[in-house]
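# Architecture and fold: a report
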Amino acid sequence: MPSRPVVLVTGAAQRLGRVIALELAQRGHDIALHFHHSADAAAATVAQLRDHGASAESFRADLADEAATTALVPAVIERFGRLDGVVHNASLFEHDDVGTFSYASLSKHACVNTGSAVLLARALLAHAGARDVRSALVLMLDQRLWNPNPDYLSYALSKGGLELLTRTLAKALAPQVRVVGVAPGLALDSALIDDARLQRMAALSLTGRTVQPTDVADAVAFALGNAALTGSTLMIDAGYHLQPMARDFPYL
């Protein structure tokens, strides 16, 4: 069994999940990297993680598939012998609004973004109980829950359920598993917004800058490591949740 703590990061092949995985590796964690479609990116990120001295393996799973999601934590434990934390970062993010909303869209977002968190939490709790250790679950939320707008309605509803889960699971999984939410704002790696608009958005923030992916990764590492933190959410959004917006960032 590895002596370094092992963390499963979902959706970690690229973008924010990749940054989180690399930050955790640099801080002494071994990484179970979950991905769905991005096999090449996952392989490249695993190689980078190993270059940072971490033991790292990739695990493919479709989080919309209940059986595949249920099998993910046991697969990680079989490979590493232990699992000390989960960062639920993977997310479906498709646009709809009141006019285009459908049950199908809501169901897709709810399964990937919300339901999978319950399955991963249940498996983590069982493993922590069997080992008689304390673990942590970090749920990636969104500042829009405190600053709502009409865009990405099904996504927002699914993340609202995830925020409720942060508080509900903190009670249900105590004391073996702490549960912490991390709510990012607009990050500079967004593919939806050009540099000029990013700079305009930075000027509107309370800090005069947009959120760097490393800011979010640092908060995730803090959440995993602070034994007194559970049932609450860290807002890593440059204060945008205090700045009302009529539309989502790409449409301003």
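To start, this report covers the structure provided alongside it. All values reported here derive from a predicted model rather than from experimental measurement. Note on numbering: residues in each chain are counted from 1, in written sequence order. Predicted model: local features are reported for residues with pLDDT of at least 70 only, side-chain atom pairs are reported and counted for 80 or more only, and whole-chain, interface and lining totals are derived from all residues. Each side-chain value is derived from all of the structure's non-hydrogen atoms; neither hydrogens nor water enter the calculation.

## Digging into the overall build of the chain
Cut-off, in case you're wondering: Secondary structure counts use DSSP, requiring at least four H or I residues in a row for a helix and at least two E residues in a row for a strand, with both numbered from the N terminus. Put simply, the radius of gyration uses C-alpha atoms, and a globule should come to 2.2 Å times the residue count raised to 0.38.
Along its length, the chain carries seven helices and seven strands. In the chain, the succession of helices and strands from N to C terminus is β-α-β-α-β-α-β-α-β-α-β-α-α-β. Against the compact-globule benchmark of 18 Å for 252 residues, the chain has a radius of gyration of 17 Å, which places it among compact chains. Taken over the C-alpha atoms alone, the chain extends approximately 50 × 40 × 35 Å along its principal axes.

## Side note on the environment of A217
Worth spelling out the cut-off: Summary of the burial criterion: residues with accessible area below 20% of their type's maximum are buried, those above 50% are exposed, and those between are partly exposed, where the area comes from a 1.4 Å probe applied to protein chains only. Note on definitions: a residue-residue contact is assigned when non-hydrogen atoms from the two residues lie within 4.5 Å.
Mapped onto the elements of the fold, A217 is located in helix α7 (residues 213–225). Owing to a relative accessible area of 0%, A217 belongs among the buried residues under this scheme. Remark: the alpha-carbon pair of A217 and V180, spanning 37 residues in sequence, is separated by 14 Å. When residues no more than four places from it in sequence are discounted, the contact partners of A217 are V19, I20 and E23.

## Side note on the sheet that holds strand β6 (residues 177–184)
Just so we agree on the cut-off: Note on pairing: DSSP must find at least two bridges between two strands before they are called paired. Working convention: axes come from line fits to C-alpha atoms, limited for helices to the stretch in contact. Angles between N-to-C directions cover 0 to 180 degrees.
With respect to topology, seven strands assemble into an open sheet ordered β3-β2-β1-β4-β5-β6-β7, the strand pairing being parallel. Each edge of the sheet is formed by a strand with only one pairing partner; in this case those strands are β3 (56–60) and β7 (233–236). Mean inter-strand twist for the sheet, computed between neighbouring axes without regard to direction, equals 20°. In this sheet, β7 lies alongside β6 in parallel orientation, the contact comprising four bridges. Bridge pairing in β7 links P184 to I236. This element, helix α3 (residues 66–80), spans β1 (6–9), β2 (30–35) and β3 of the sheet and lies at about 155° to β3.

## Section: the packing of aromatic side chains
Operational definition: In summary, the pairing rule links any two rings of Phe, Tyr or Trp, Trp by its six-membered ring, whose centres are within 6.5 Å, and it sorts them by plane angle into stacked for under 30 degrees, edge-to-face for over 60 and tilted for everything else.
Counted according to the given criterion, the structure contains three aromatic pairs. With a centroid separation of 6.5 Å and 45° between ring planes, the pair formed by F59 and F80 is classed as tilted. Residue F59 is found in strand β3, and its partner F80 is found in helix α3; the two are separated by 21 residues along the sequence. For the pair F59 and F80, a shared accessibility class is recorded, and that class is buried. Taking 4.1 Å as the distance between ring centres and 15° as the angle between the ring planes, the aromatic pair formed by F93 and Y152 counts as stacked. Placement of F93 in the loop between β4 (85–88) and α4 (103–131) and of Y152 in the loop between β5 (135–140) and α5 (153–172) is noted, with a sequence separation of 59 residues between them. Classification of Y152 by relative accessible area gives buried; the value is 5%.

## Looking at the nonpolar core
Put simply, the rule reads: Side-chain atoms within 4.5 Å are what join buried Ala, Val, Leu, Ile, Met, Phe, Trp, Tyr and Cys residues into a set we call a nonpolar core.
Counting 43 residues, the largest nonpolar core has I20, L24, L33, V87, M140 and V182 as the members making the most contacts within it. Leave out the neighbours within four places in its chain, and V87 touches V7, L8, V9, T10, I20, L24, V138, M140, V220 and L224. If you look at the next biggest cluster of nonpolar residues, it comprises 32 residues, including V73, L92, A128 and L162.

## Notes on the packing of α4 against α5
Applicable threshold: Roughly parallel means an angle under 35 degrees; roughly antiparallel means over 145; roughly perpendicular covers 65 to 115; every other angle is labelled oblique. The hand of a helix crossing depends on one turn: near helix anticlockwise from the far one by less than a right angle means left-handed, and clockwise means right-handed.
Two numbers describe how α4 lies on α5: the axes approach to 8 Å, and their chain directions differ by 20°. Considering the angle they form, α4 stands roughly parallel to α5. For the pair α4 and α5, the crossing hand works out as right-handed. Between α4 and α5, the residues in contact are S105, L106, H109, A110, N113, T114, A117, V118 and A121 and S154, Y155, L157, S158, G161, L162, L165 and L169, respectively.

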